[in-house]
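Breakdown of the fold
The residues making up each chain are set out below.
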Amino acid sequence: MSSVTIALRECHRLRVHLRNLKAEIDRGPRVLQDHQDELETARQDHNVHYEAITKLKLKQREDEGTLKQTETRLAKLEEQLTSISVQKEYTAKQHEIEMARTKKGESEDAILATIMELEEKTGAIPAVEQTWAQAQADFTQFQVEAAERLEGMKSDQGACTEDLARHEATLLLDVKAPYDSIVKAKGPDAFAATKARVCQACRTSMTESQFIALRNGTFRTCATCGRMQYPVE
Ligand SMILES: [Zn+2]
């Protein structure tokens, strides 16, 4: 294989790889933001659970206060009932007592429902804590892995940049000039593998003699897409 073929093939591979590395490095902050958002959602879910418990406890206290008031009132009404001799007043008082009893029952039901809900929420605390701990552990793991990956990519970037320079240095001056201007215009898409006379970038064919020349190390660009061609089996 001619040196220009090797150089173009390697420059193509390295430039594409460097572009991919850069894209992934550039995506890093956005990926980090996604993970931070996930962690924040988990933090909120965790808080919401405890806020719900606090609210329920407050509701329970309020309902208990209401119940106490109703019970005091009921006792008072029942006491008043014993001293009433007028039938009409007696019936009215009885009605008031009935109303107070209904209210008492409602308060008791509300307290019971709140207690049950509190028990359920309290019982779920271990699971809620586990979910929150897992979310934090996942985030920490992501940070460690992302840092390692970034370090790896940066070192890969450095090595590939050196490799690229090394291969570009092998290009002779008459190739290096067009190489530079095509790379400047097309970046990693400045190259095209050519297989069985067909440009793999734009599918245009070349003549057999052109392909033979290409395989012998003649520098050429695709007549259609303008990419620098190199032969592959
Ligand atoms: Zn082409």
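Now for a look at the structure at hand. Note that the structure is a prediction, hence the values are computed from the model and not measured.

Cut-offs used in this document
Residues numbered from 1 in each chain as written. Predicted model: local features only at pLDDT ≥ 70, side-chain atom pairs only at ≥ 80, totals over all residues. Helix = DSSP H or I, 4+ residues; strand = E, 2+ residues; numbered from the N terminus. Rg over C-alpha atoms; globule rule 2.2 N^0.38 Å. Buried ≥ 20, exposed ≤ 12 C-beta atoms within 10 Å, placed from the backbone. Pairing = 2+ DSSP bridges. Expected span 1.5 Å × (residues − 1). Core = buried A, V, L, I, M, F, W, Y, C linked by C-beta atoms within 7 Å. Contact = placed C-beta atoms within 7 Å. Axes fitted to C-alpha atoms, helices over the stretch in contact; angles between N-to-C directions. Parallel < 35°, antiparallel > 145°, perpendicular 65-115°, else oblique. Left-handed = near helix turned anticlockwise from the far one by under 90°. Nonpolar A, V, L, I, M, F, W, Y, C, P; charged D, E, K, R; others polar.

1. Quick word on the overall build of the protein chain
Helices and strands together make up the secondary structure of the protein chain, namely five helices and three strands. Helices and strands in the protein chain line up, N terminus first, as α-α-α-α-β-β-α-β. Rg of the C-alpha trace for the protein chain: 40 Å, well past the compact-globule value of 17 Å for 233 residues, more than 25% over. Counting every position in the protein chain, which comprises 233 residues, the buried fraction comes to 11%.

2. Some thoughts on the pairing of strand β3 (residues 228–232)
Most of β3 is tucked away: four of the five residues are buried. Where strand β1 (residues 191–195) lies against β3, five bridges are found, and the strand directions are parallel. Bridge pairing in β3 places A193 opposite Y230.

3. Section: unusual backbone geometry
Keep in mind that most residues, glycine aside, have a negative phi and that most peptide bonds are trans. Of note in this structure, A196 is not a glycine but carries a positive phi near 45 degrees. Considering the arrangement of structural elements, one finds A196 in the loop between β1 and β2 (198–199).

4. Here's the deal with the environment of V144
Note that V144 resides in helix α3 (residues 125–168). V144 gets classed as exposed once you count the C-beta atoms within 10 Å, which come to 10. Spatially, the C-alpha atom of V144 lies 40 Å from that of E117, the residues being 27 residues apart in sequence.

5. Overview of α3
The terminal C-alpha atoms of α3, which comprises 44 residues, lie 63 Å apart, in line with the 64 Å expected from a rise of 1.5 Å per residue. The element α3 is largely exposed, with a buried count of zero among its 44 residues.

6. Here's the deal with the nonpolar core
Grouped together as the largest cluster of nonpolar side chains are 13 residues, with contacts concentrated most on V4, A7, L8, C11, F191 and M228. At the level of elements, α1 (3–82), β1 and β3 are the ones that each hand at least two residues to this core. Take this core: its biggest share by element is five residues, from α1. If we ignore the near neighbours within four places in the chain, the residues touching V4 are L171, V175, G217 and F219.

7. Things to note about the packing of α1 against α3
Interhelical geometry of α1 versus α3 gives an angle of 165 degrees and a closest axis separation of 9 Å. When the axes of α1 and α3 are compared, the pair comes out roughly antiparallel. α3 is crossed by α1, and the crossing has left-handed handedness. Across the contact of α1 with α3, the residue classes break down as 19 nonpolar, nine polar and six charged.

8. Quick notes on the packing of α1 against helix α2 (residues 87–123)
Packing of α1 against α2 brings their axes to within 8 Å, and their N-to-C directions diverge by 160 degrees. On the basis of the axis angle, α1 is roughly antiparallel to α2. Viewed along their axes, α1 and α2 form a crossing whose handedness is left-handed. Considering only residue class, the contact of α1 with α2 consists of 14 nonpolar, nine polar and 15 charged.

9. A closer look at the sheet that holds β2
Taken in spatial order, the three strands of this open sheet run β2-β1-β3, and their pairing is mixed. The strands lining the two open edges of the sheet, one partner per strand, are β2 and β3. Strands β1 and β3 of the sheet are contacted by α1, whose axis makes an angle of about 105 degrees with β3.

10. A word on the pairing of β1
Relative to β2, β1 is paired through two bridges, and the arrangement is antiparallel. Bridged to T194 within β2 is C199. In textbook terms, the turn of a hairpin is the stretch between consecutive antiparallel strands, and for β1 and β2 this stretch comprises two residues, one of which, A196, has a positive phi near 45 degrees.

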